[in-house]
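For reference, the chains in residue letters:
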Amino acid sequence: MPKHYRPPGKKKEGNVARYITRTHAVKYLQVSLSLFRKLCILKGIFPREPKKKVKGNHHTYYHMKDILFLKHEPLLEKFRDIRAYDKKVKKAVSKKNRDLAERLLTRKPTYTLDMLIRERYPKFIDALRDLDDCLSMVHLFAALPAIEREKIQVKRIHNCRRLSHEWQAYISRSHKLRKTFISVKGIYYQAEVEGQKITWLTPHALQQVLPEDVDYNIMLTFLEFYETLIAFVNFKLYHSINVKYPPILDPRLEALAADLYALSRYLDANSKAPPVESQAVSSSGSEQVEVQQKGTEVDESELRLAQLQHQLPSNEPGALMHLVEDAVGEDEDDEETRECKTLFKNMKFFLSREVPRESLLFVIPAFGGVVSWEGEGAPFNESDQSITHQIVDRPTQGHKFLSREYVQPQWVYDCVNARIILPVEEYMVGRVPPPHLSPFVDHEAEGYVPEYAETIKRLQAAARKEVLPMPGMEKEDLDDPQNLLVEGIINRAEAIEAAEKKRKMSILQKQYHDELKMELQGVQYSSVSNVNKQKSAEDAEAQEDSLPDMQQIVEDNANLSKVVMSRKKRRLYEAMQIGKERKRAHVDLLKNRKKRIDEANKSE
């Protein structure tokens, strides 16, 4: 009998039993392809790559355990009920029984994804780790127009906008924002919540054009799950700072499209309320749903709105400053949070019409500043004499106040990334601002440090009262150039130059020590200089004789290493060397470009 013979009727083994194609999975579950795709997105099931594709390379494979996982999902039965109910509605419409169709539509079965959230994220920290794509998707749909043919409804857009503003209000209230960067795609933000770094992208406040080659049904399925996830996260975060969720906002500010400022005022008013019991923070998913449903009831909403309007006068100036000053758990904040909280302390900003208002309303309070804008509902007007900085983005300014600085919006973002107040001379109105450097790039690791990055580094050291080495003196000069050459950090010419510099420094250091010793012994300077010249000449000859051929050493080490490598590791090593060469060529290109620009500026 052959080794792999399987009698008829016996169970399958190996990859045939562990994996199933997508076509077979759809037939096995008796669902349509679109419904199968929706279930996989909601449950977090993704295709697998088996070592041996038994049905061919042109198929998509899933793990059999995942398909069995879908088979027993209660949501699958709910989708089948909805499909059967839609058939009833369609039948009533086709028979022109409008009353029956309307009654059926009012009693259409619905479903929630609360149990899926608790199933996929057993702990709150798990949800925070998976929040990057969630926030980017919600902020994207918050900026999209409502289009019926793509099933992008107005209600969906308003819900995404509400969730994004609630998240931004919490980050600004708790001073968790760490980095920000303006790019062509949009504005990148990075916050640190409970030790987890969360990065998301917000599109620019421009008219969005929807491309036709995008499947919006899949994006809307992801959005459906992400809306529930971020609602749970916001519920947990708001209760952690003793604030009720969902918030009830001032309708006057909502009508003026000042949702973020209204949320800030709500947080400021409710932070003085008695603390929420710990049971509310650690409540189960069903309890959280009950709290959200109770918050939507008419009686309680009217009561909370009356309490809110009683606590907040219609024209309360400086409410956003109180938001920053009355921070919760000030003693428990770490050093970085305290630094962010006081960056724009005692500064009042006024935003002109042409600047990105929502982004600056989010960033400035997150770092301790007070901000207002031009329009109704603003906490203070442009004529306020206590304003220290006015953010403008037009070439000329008609009316100017001498008591404030007029800067471009980039100054705020650069100050946030540098964590210091940068000089405003480079960001004055009408001037070309310095390059906007990304805080997500480690310039030293990349091998090229821009000139403005060096300037910011020295300003940071001056703010901390540190002493930096002189320009041109780096730590690499004191390291062994032979090791740096072997590791591929520097090339041969740089290694020889570093070795020569190190040799001269050692000679000068030895000469200095010898002069100190002879000065203590009482020897005259002329005799000291003659002795030092002889010694330096002898040492130089000895150093030149003992200086090895570094390139030969590098080649020998590389050859010895390659001999003992396997073919796979040797190819990986060669790919690493190619990557280093590309990186070094890119650095050389940037240096040459900078050199040409400097020469052109000098010639002018």
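Calculation notes
For every chain, the first residue of the written sequence is number 1, and numbering continues from 1 along that sequence. It should be noted that, the model being predicted, local features are given only for residues of pLDDT at least 70 and side-chain atom pairs only at 80 or more, the latter also being counted only at that level, while totals for whole chains, interfaces and linings use all residues. With hydrogens and water stripped out, all remaining heavy atoms of the structure feed into the side-chain values. UniProt positions are given in the numbering used here, feature names are shortened, and annotations may be inferred rather than shown by experiment. Put simply, DSSP marks the helices as runs of H or I at least four residues long and the strands as runs of E at least two long, and each gets a number from the N terminus on. Buried means the residue's accessible area, taken with a 1.4 Å probe over protein chains only, is under 20% of the maximum for its type, while exposed means over 50%, and partly exposed covers the values in between. In this description, contact between two residues means that some pair of their heavy atoms is separated by no more than 4.5 Å. What a helix is expected to span follows from its residue count: subtract one and scale by 1.5 Å. For Phe, Tyr and Trp, rings pair up if their centres lie within 6.5 Å, where Trp contributes its six-membered ring, and each pair is then called stacked (planes under 30 degrees apart), edge-to-face (over 60) or tilted (otherwise). Comment: axis = line fitted to C-alpha atoms, over the contacting stretch for helices; angle = value between 0 and 180 degrees taken between N-to-C directions. Note on convention: near helix rotated counterclockwise from far helix by under a right angle means a left-handed crossing. Clockwise means right-handed. By the convention adopted, Pro, Cys, Tyr, Trp, Phe, Met, Ile, Leu, Val and Ala count as nonpolar, Lys, Arg, Asp and Glu as charged, and the other residues, Gly among them, as polar. Between Lys or Arg on one side and Asp or Glu on the other, a salt bridge is scored when a side-chain nitrogen of the former is within 4 Å of a carboxyl oxygen of the latter. Criterion used throughout: strands pair if DSSP finds at least two bridges between them.

- Going by what an unreviewed UniProt entry lists, the protein chain is known as Pescadillo homolog and is assigned to Nyssa sinensis.
- The Sequence similarities (unreviewed entry) comment attached to the protein chain in UniProt states, word for word, "Belongs to the pescadillo family."
- Note on the protein chain: under the UniProt heading Function (unreviewed entry), the record states "Required for maturation of ribosomal RNAs and formation of the large ribosomal subunit."

1. Section: the overall build of the protein chain
Turning to step 1, where the next piece is worked out: Along the backbone of the protein chain there are 27 helices and 9 strands.
Turning to step 2, where the next piece is worked out: A burial count over the protein chain gives 39% of its 604 residues as buried.
Turning to step 3, where the next piece is worked out: Residue pairs in contact within the protein chain that sit at least 24 positions apart in sequence constitute 63% of those at least 6 positions apart.

2. Let's talk about helix α13 (residues 259-270)
An α-helix turns once per 3.6 residues; consequently, residues spaced three or four apart project the same way.
Turning to step 1, where the next piece is worked out: Under the 1.5 Å per step criterion, the end-to-end length of α13 is 16 Å for 12 residues, consistent within 8% with the ideal 16 Å.
Turning to step 2, where the next piece is worked out: Taken across its 12 residues, α13 has 12 buried, putting it largely inside the fold.
Turning to step 3, where the next piece is worked out: The set of residues buried in α13 consists of Asp259, Leu260, Tyr261, Ala262, Leu263, Ser264, Arg265, Tyr266, Leu267, Asp268, Ala269 and Asn270.

3. A look at the packing of aromatic side chains
Turning to step 1, where the next piece is worked out: Tallied over the entire structure, the rule returns 16 aromatic pairs.
Turning to step 2, where the next piece is worked out: Considering the side-chain rings of Phe344 and Phe349, the 5.2 Å spacing of their centres and the 70° angle between planes classify their relative orientation as edge-to-face. Residue Phe344 shares its accessibility class with Phe349, and that shared class is buried.
Turning to step 3, where the next piece is worked out: On the basis of an interplanar angle of 65° and a centroid distance of 6.5 Å, the ring pair of Phe344 and Phe367 is categorised as edge-to-face. Placement of the pair is Phe344 in the loop between α18 (335-341) and β6 (348-351) and Phe367 in the loop between α19 (357-366) and β7 (370-373), with a sequence separation of 23 residues.

4. As for the packing of helix α10 (residues 154-174) against helix α11 (residues 216-240)
Turning to step 1, where the next piece is worked out: Running from N to C, α10 and α11 cross one another at 35°; their axes reach a closest spacing of 10 Å. With respect to the hand of their crossing, α10 and α11 are arranged in left-handed fashion. Taking contact as the criterion, the partners of Arg156, Asn159, Cys160, Leu163, Glu166, Trp167, Ala169 and Tyr170 in α10 are, on α11, Leu220, Leu223, Glu224, Glu227, Ile230, Ala231, Val233, Asn234, Leu237, Tyr238 and Ser240.
Turning to step 2, where the next piece is worked out: For the contact of α10 with α11, the residue count by class is 12 nonpolar, 3 polar and 4 charged.

5. Observations regarding the pattern of salt bridges
Turning to step 1, where the next piece is worked out: The final tally for this structure, using the stated rule, is 20 salt bridges.
Turning to step 2, where the next piece is worked out: One salt bridge in this structure joins Arg419 and Glu336, with 3.4 Å as the shortest N-O distance. One end of the pair, Arg419, is in the loop between α20 (410-418) and α21 (443-446); the other, Glu336, is in helix α18, with 83 residues separating them in the sequence.
Turning to step 3, where the next piece is worked out: Note that Glu374 and Arg353 form a salt bridge whose closest N and O atoms lie 3.9 Å from each other. Of this pair, Glu374 sits in the loop between β7 and β8 (389-391) while Arg353 sits in the loop between β6 and α19; the two residues are 21 residues apart in sequence, bridging distant segments of the chain.
Turning to step 4, where the next piece is worked out: One network of salt bridges, with partners in common, ties together Arg178, Glu192, Glu336 and Arg419.

6. Quick notes on the sheet that holds strand β3 (residues 177-182)
Turning to step 1, where the next piece is worked out: In spatial order, the strands read β3-β4-β5; together these 3 strands make up an open sheet with antiparallel pairing. Only two strands of the sheet have a single partner each, and these edge strands are β3 and β5 (196-202). Strand-to-strand twist in this sheet, taken as the mean axis angle between neighbours without regard to direction, amounts to 15°.
Turning to step 2, where the next piece is worked out: In the sheet, β3 pairs with strand β4 (residues 187-193) via 5 bridges, with the strands oriented antiparallel. Its bridge partner being in β4, Thr180 is matched across the sheet by Tyr189.

7. Overview of the sheet that holds β8
Turning to step 1, where the next piece is worked out: A sheet is described by the order of its strands in space; here 4 strands give the open sequence β7-β6-β8-β9, paired in parallel fashion. Sheet topology places β7 and β9 (405-407) at the edges, where each strand pairs with a single neighbour. With direction set aside, neighbouring strand axes in the sheet form an average angle of 25°.
Turning to step 2, where the next piece is worked out: Here β6 runs beside β7; their pairing, made up of 4 bridges, is parallel. Bridge assignment links Leu351 to a residue of β7, and that residue is Trp373.

8. Remarks on the pairing of β5
Turning to step 1, where the next piece is worked out: Taking every second residue as pointing to the same face, the buried face of β5 carries Gln196, Ile198, Trp200 and Thr202, while none of Lys197, Thr199 and Leu201 on the other face is buried.
Turning to step 2, where the next piece is worked out: Sheet topology note: the β4/β5 ladder contains 7 bridges and is antiparallel. Across the sheet, the residue bridging to Tyr188 is Leu201, located in β5.
Turning to step 3, where the next piece is worked out: A loop of 2 residues connects β4 with β5, the two strands running antiparallel in sequence, and Glu194 in this loop sits at a positive phi of about 55°.

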